[in-house]
Amino acid sequence: AFMAHKDPNQHDTIRASLLTHVLTRPELRERFVISGADGVEDDIVYSAGAAKECVKIYNEYVTNLILLVHLGSGMPARATEISSYRIANGQSELRNIFVIGRQVSIEARYSKMRARTCTKNSVWRFLDVEASSVIIYDLLLVRPLVIHLTSFLKLDTSAEYSTDLFVSDGKSVKPCAL
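Worth saying up front: this structure is predicted, and the values here are computed from it rather than measured. (Residues numbered from 1 in each chain as written. Predicted model: local features only at pLDDT ≥ 70, side-chain atom pairs only at ≥ 80, totals over all residues. Heavy atoms only, no water.)

Points about a nonpolar patch on the surface
As a reminder of what qualifies: Note that patches include only residues with greater than 30% relative accessible area and no salt bridge, and the join distances are 9 Å for like charges and 5 Å for nonpolar side chains (Val, Leu, Ile, Met, Phe, Trp, Tyr). Here the open area of atoms and residues is found with the Shrake-Rupley method and a 1.4 Å probe, where only the protein chains shown may cover a residue. In what follows, salt bridge is the name for a side-chain nitrogen of Lys or Arg lying within 4 Å of a carboxyl oxygen of Asp or Glu. Counting from the N terminus, the helices are DSSP H or I runs at least four residues long and the strands are E runs at least two residues long.
A contiguous nonpolar patch, built from Ile100, Trp124 and Phe126 and spanning about 310 Å² of accessible area, is present on the exposed surface. Here Trp124 shows up in strand β5 (residues 123–126).

Re the environment of Phe152
Filter applied, for reference: Every residue pair with non-hydrogen atoms within 4.5 Å of one another is taken to be in contact.
You can see Phe152 is positioned in helix α7 (residues 129–152). When the C-alpha atoms of Phe152 and Ile44 are compared, they prove to be 9.7 Å apart, with 108 residues separating the residues in sequence. Apart from residues no more than four positions distant in its own chain, Phe152 is found in contact with Val45, Tyr46 and Ala48.

A closer look at the nonpolar core
Using the following cut-off: Buried Ala, Val, Leu, Ile, Met, Phe, Trp, Tyr and Cys residues that are joined via side-chain atoms within 4.5 Å together make up what is termed a nonpolar core. Only protein chains enter the accessibility calculation, which uses a 1.4 Å probe; a residue whose area is less than 20% of its type maximum is buried, one above 50% is exposed, and one in between is partly exposed.
Tyr85, Ile135, Leu165 and Phe166 are the most contacted members of the largest nonpolar core, which has 36 residues in total. Looking at this core, the elements with two or more residues in it are α2 (17–24), α4 (48–72), β4 (103–108) and α7. Residue contributions to this core peak at nine residues, all from α4.

Brief notes about the packing of aromatic side chains
Here is the rule we go by: Think of it this way: a Phe, Tyr or Trp ring, Trp meaning its six-membered ring, pairs with another when their centres are within 6.5 Å, and the plane angle makes it stacked under 30 degrees, edge-to-face over 60, tilted otherwise.
Applying the stated criterion across every chain yields a total of six aromatic pairs. Pairing Tyr58 with Tyr61 gives two aromatic rings, centres 5.5 Å apart and planes at 45°, and the pair type is tilted. Of this pair, Tyr58 and Tyr61 both sit in helix α4, three residues apart, which is roughly one turn of the helix. On the basis of relative accessible area, Tyr58 is assigned to the buried category, the value being 4%. Look at Tyr61 and you get partly exposed, because its relative accessible area is 27%. Put simply, the rings of Tyr58, Tyr61 and Tyr161 pair up and form one aromatic cluster.

Side note on the packing of α2 against α7
Stated formally: To obtain an axis, a line is fitted to C-alpha atoms, over the contacting stretch when the element is a helix, and the angle between two such axes runs from 0 to 180 degrees between their N-to-C directions. In this scheme, roughly parallel covers angles under 35 degrees and roughly antiparallel covers those over 145, while 65 to 115 is roughly perpendicular and the rest are oblique. In this classification, the charged set is Asp, Glu, Lys and Arg, the nonpolar set is Ala, Val, Leu, Ile, Met, Phe, Trp, Tyr, Cys and Pro, and all remaining amino acids, among them Gly, are polar.
Contact geometry for α2 and α7: axes closest at 7 Å, N-to-C directions at 70°. As judged from the angle between their axes, α2 and α7 are roughly perpendicular. Residues Ser17, Leu18, Leu19 and Val22 of α2 form the contact with α7, whose participating residues are Leu141, Val142, Leu145 and His148. When the residues that make up the contact of α2 with α7 are grouped by side-chain class, the tally is six nonpolar, two polar and no charged.

Looking at the pattern of salt bridges
Evaluated as defined, the whole model comprises three salt bridges. A salt bridge links Arg86 to Asp164; the nearest nitrogen and oxygen atoms lie 3.2 Å apart. With Arg86 in the loop between α5 (79–82) and β3 (97–100) and Asp164 in the loop between α8 (158–163) and β6 (167–168), the pair connects residues that are 78 residues apart, well separated along the chain. Judged by its relative accessible area of 6%, Asp164 is buried.

Here's the deal with the pairing of β4
Put simply, the rule is: At least two bridges found by DSSP between two strands are what make those strands a pair.
Most of β4 sits inside the fold, with five of its six residues counted as buried. Sheet analysis places β3 next to β4, joined by four bridges and oriented antiparallel. Following the sheet pairing, Val99 is matched in β4 by Val104. The antiparallel hairpin formed by β3 and β4 contains two residues in its connecting segment, where Gly101 sits at a positive phi of about 65°. Bridge count for β4 against β5 is four bridges, and the pairing is antiparallel.

What to know about the side chain of Ser132
Our working rule: N or O atoms closer than or at 3.5 Å make up a polar contact, with two conditions inside protein: a donor-capable atom paired with an acceptor-capable one, and, for residues adjacent in sequence, both atoms drawn from side chains.
Here Ser132 lies in helix α7. By relative accessible area, Ser132 is classed as buried at 0%. Side-chain polar atoms of Ser132 contact the backbone nitrogen of Val104, separated by 2.7 Å. A polar side-chain atom of Ser132 sits 3.3 Å from the main-chain carbonyl oxygen of Leu127. For Ser132, the contacting residues outside a window of four places in its chain are Arg102, Gln103, Val104 and Leu127.

This is how it looks when you write it as C-alpha cells:
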C-alpha cells in the first residue's frame, strides 16, 4: 500500500500518530473522548458530536484538495480521471498514486480513445513539491484518524477513505461539481 513502511511497528506508529496526539493531549482528549482507559484503544468511547465534526471538516478539506490537485497537475483532468485516483488497491481498481523523490505522481487510467483502440494509455500527472507534501501528510497522518473515526461512528465509509484519494461524506467525489 501507499503508506507501507519496511518496519511494521514504525508503520503503525506513523499511522496512529494523530490519534495518539488526540489521546495524549488533555484538551483534545476532553473534547473527543467520553470514556476509556488511557492508551487502550479498544476501551475508548468517543464523543460522536466531536467525531462527526472532525469528519465534516475533513470532507470540506477534500474539496480544497481536489482543487489543488486539479489545478496543479498540468492540463485539467476530466472528472472521470480524478474520481479514479486510488491510494490503495481496491476491489476493481489498482493503486495509481506513487511517490517519486519528493513528488507525488498520479497515473490517470482513463482515456476517451480506450473504447475505440482497446488500449490503455496512461497519462502521468506530477504534483509540485508543496502539493505533494499536502497529499503525503494527508495520507500518512490525517486520513488514518478519519478512517478510525468513521469506523467508530459506524458510517461504513472506511473502505472509501482507505482506497480513494478523494472522498467526501463517504462517497467518491465526482469533481465535475467544481
